[in-house]
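Structural characterization, general
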Amino acid sequence: IAAMLFWEPMLRREDENINDKSGSIPTAKASQITPRDAQLGHANGGDSNRAALVDNGAARRMKWKKREEELQAFIGKLPEHRDYRVGFEDGKFAFVDAKNIILAKAKVKLLMSYNLVKKSVVGGWENPSVSREVAGCEVKHIPRANVEQKDVGDIAYKIAEASRVDYVYKAVNKANWVFLGLSSLTLTSGKERVQYNSTTSWLEVVVVILARLRKVIMMKQAPPIAIAKAYHDAGLLFQQQAKTAFRGNGNAVTMLNMGGTILAGIADELKAWAVDRRRAHNQDHVKSILERLLKFEQAAILSGRKKA
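Residues numbered from 1 in each chain as written. Predicted model: local features only at pLDDT ≥ 70, side-chain atom pairs only at ≥ 80, totals over all residues. Heavy atoms only, no water.

Describing the packing of helix α2 (residues 57-75) against helix α3 (residues 149-163)
Here is the rule we go by: To obtain an axis, a line is fitted to C-alpha atoms, over the contacting stretch when the element is a helix, and the angle between two such axes runs from 0 to 180 degrees between their N-to-C directions. For helices the rule is a DSSP run of H or I covering at least 4 residues; for strands it is a run of E covering at least 2, with both sets numbered from the N terminus onward. Roughly parallel covers angles under 35 degrees, roughly antiparallel covers those over 145, roughly perpendicular covers 65 to 115, and oblique covers all other angles. Contacts between residues were defined by any pair of non-hydrogen atoms, one from each residue, lying within 4.5 Å. Under the scheme applied, nonpolar residues are Ala, Val, Leu, Ile, Met, Phe, Trp, Tyr, Cys and Pro; charged residues are Asp, Glu, Lys and Arg; polar residues are all the others, including Gly.
Running from amino to carboxyl end, α2 crosses α3 at an angle of 75°, the nearest separation of the two axes being 11 Å. It follows that α2 is roughly perpendicular to α3 by the angle criterion. Listed contacts from α3 to Gly57, Arg60, Arg61, Lys63 and Trp64 of α2 are Asp154, Tyr157, Lys158, Ala160 and Glu161. Partitioned by chemical class, the residues of the contact of α2 with α3 number 3 nonpolar, 1 polar and 6 charged.

So, in structure tokens, the structure goes:
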């Protein structure tokens, strides 16, 4: 499970332009991330020459450029003032108007994310906060570290083809690029209001991540080192979000850093499971961990309500 997890707050608009070097995929100014500006491509799962395209970057880029033009024609039918919404719990994506009325909708998968500072790639399937159903298909042997911006597009395309999505939507902020796979994109009647948002509160981040960590600790078939890493990575996520998406909220910063410290401590304890498997899934230890998670969650909820 990768250390850098993706959360929707990281897609909040910023006023800083990103210097893009990703080859054929120019990046829009982050404060203008709309369907028109976000970069999109297409992967046709039924292509008979799929295997050849996987290894032929030039042909793949040409193919996705053609699909991008097709998509631009589609979204050209939408009103000029539009935005997008993402819901990973049920795998939904939508283009909406200023009143949150759905203009077009699609199924969504988290393909991958790219950290501009660390030059690292994290596949959507490695994200414990996203279910397997809405994560991109795992692709073996893709570059993970020291990845240059010009090479990121081809990696996203490979994952998209393996995931059999129709389009790739690239969203950016100051530190990350996030690639979303879209399928079954269709226009709507314009009468439905979106029920999911492209932003998440810090308290939602805490509650959802802790819920998944509870499931992880109960997975007896999971390798102990993977469980320890899940807690370690979640702790890093909390601290990362405190420094980025929620840095302007003093209460959120305090609670997220506290949670990060707690999860890091639990991760260190869980490493002993990997060293001595006889200690793995000790009922008393599991109970202690669950109690600490609950105590922190209750403190976070109480703190969030007081500041609301």
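Description of the pairing of strand β6 (residues 176-187)
Put simply, the test is: For every residue, the accessible area (1.4 Å probe, protein chains only) is compared with the maximum for its type, and the residue is labelled buried under 20%, exposed over 50%, or partly exposed between those bounds. Between any two strands, at least two bridges found by DSSP are needed for them to pair.
The buried count for β6 comes to 9 of 12 residues, which makes it a mostly enclosed element. Sheet topology note: the strand β3 (residues 102-115)/β6 ladder contains 10 bridges and is antiparallel. When the bridges of β6 are listed, Ala104 appears paired with Leu187. Pairing of strand β5 (residues 167-172) with β6, which is carried by 6 bridges, proceeds in the antiparallel orientation. In the sheet register, Val168 faces β6, and the bridge partner there is Gly181.

Concerning the nonpolar core
Proteins that are soluble and globular tend to have nonpolar side chains buried together. Going by this rule: Among the buried residues, those of types Ala, Val, Leu, Ile, Met, Phe, Trp, Tyr and Cys that are joined through side-chain atoms within 4.5 Å form a nonpolar core.
Formed by 45 residues in total, the largest nonpolar core has its most connected members in Phe93, Phe95, Met112 and Leu180. Residue assignment for this core shows that the elements contributing at least two residues are α2, β1 (83-87), β2 (92-96), β3, α3, β5 and β6. With 8 residues, β3 is the largest single contributor of residues to this core. Formed by 33 residues, the second largest nonpolar core is a distinct cluster that contains Ala222, Ala230, Tyr231 and Ala252.

Details of the pattern of salt bridges
This is how the line gets drawn: For this document, the term salt bridge refers to a Lys or Arg side-chain nitrogen within 4 Å of an Asp or Glu carboxyl oxygen.
Throughout the structure, instances matching the rule amount to 11 salt bridges. Close ionic contact of Arg214 with Glu297 constitutes a salt bridge, the shortest N to O distance being 2.6 Å. Here Arg214 is found in helix α4 (residues 202-217), whereas its partner Glu297 is found in helix α7 (residues 283-307), with 83 residues between them in sequence. When its relative accessible area of 22% is taken as the criterion, Arg214 is described as partly exposed. Put simply, Asp233 and Lys229 hold a salt bridge, and the shortest N to O gap is 3.1 Å. One end of the pair, Asp233, and the other, Lys229, are both in helix α5 (residues 224-243), 4 residues apart, so they sit about a helical turn from each other. Note on Asp233: relative accessible area 0%, which makes it buried.

Focus on the packing of aromatic side chains
What counts, and what does not: When two rings of Phe, Tyr or Trp (its six-membered ring) have centres within 6.5 Å they constitute a pair, described as stacked for plane angles under 30 degrees, edge-to-face for angles over 60, and tilted for the intermediate range.
Enumeration according to the criterion identifies 5 aromatic pairs in this entry. Measuring from ring centre to ring centre gives 6.4 Å for Phe95 and Tyr169, while their planes differ by 45°; the resulting arrangement is tilted. Taken together, the residues Phe95 in strand β2 and Tyr169 in strand β5 connect sequence positions 74 residues apart. Each member of the pair, Phe95 as well as Tyr169, carries the same accessibility label: buried.

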